[in-house]
Amino acid sequence: MNISNKDLKLLLKSSSAIYNTLCVLNDYCYHMQEYETIMNLHPIVEYLHNESDKLYFNLSSIKEGSIERAK
């Protein structure tokens, strides 16, 4: 499967925005542990944060014209 440089840049921009949003949300949840609802959401936010980090890393490792995952 081929991917254009333009499409790759759009994917990187989107994944970066998701990652940055989750960084802020993860930090907020970490520091607001006194609220039970936030405390219950923190593991989910942390998981999504980690997964978005992997996504961004893998997308940034793609070479133009191919879909090769970073190992």
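Anyway, here's the lowdown on the structure attached to this text. Since this is a predicted model, take the numbers as computed values, not measurements. (Residues numbered from 1 in each chain as written. Predicted model: local features only at pLDDT ≥ 70, side-chain atom pairs only at ≥ 80, totals over all residues. Heavy atoms only, no water.)

What follows deals with the overall build of the protein. Tallying secondary structure elements over the protein gives two helices and zero strands in all. Looking at the protein as a whole, 23% of its 71 residues qualify as buried. Residue pairs at least 24 apart in sequence account for 58% of intrachain contacts in the protein once pairs closer than 6 positions are excluded. On the protein, roughly 5600 Å² of surface is accessible, and the fraction owed to carbon and sulfur atoms is 59%. (Helix = DSSP H or I, 4+ residues; strand = E, 2+ residues; numbered from the N terminus. Buried < 20%, exposed > 50% of the residue type's maximum accessible area, 1.4 Å probe, protein only. Contact = heavy atoms within 4.5 Å. Areas by Shrake-Rupley, 256 points an atom, 1.4 Å probe, with all protein chains shown as cover.)

For Asp-53, the location among the structural elements is in helix α2 (residues 36-60). Assessed through its relative accessible area of 38%, Asp-53 is described here as partly exposed.

Here Cys-23 is to be found in helix α1 (residues 5-31). When its relative accessible area of 26% is taken as the criterion, Cys-23 is described as partly exposed. Put simply, Cys-23 and Ser-52 are 29 residues apart on the chain and 9.7 Å apart in space, counted from C-alpha to C-alpha.

A few words on α1. Here α1 is 27 residues long and its end C-alpha atoms lie 39 Å apart, about the 39 Å a rise of 1.5 Å per residue gives. Of all the residues in α1, the buried ones are Leu-8, Ser-15, Leu-22, Asn-26 and Cys-29. On the buried face of α1, the contacting elements are α2. (Expected span 1.5 Å × (residues − 1).)

Following the criterion strictly, the structure yields one salt bridge and no others. Here Glu-51 ties to Lys-54 by a salt bridge, and the two come within 3.0 Å at their closest N and O atoms. Of this pair, Glu-51 and Lys-54 are both found in helix α2, three residues apart, which corresponds to roughly one turn of the helix. Its relative accessible area of 30% is what places Glu-51 among the partly exposed residues. (Salt bridge = Lys/Arg side-chain N within 4 Å of Asp/Glu carboxyl O.)

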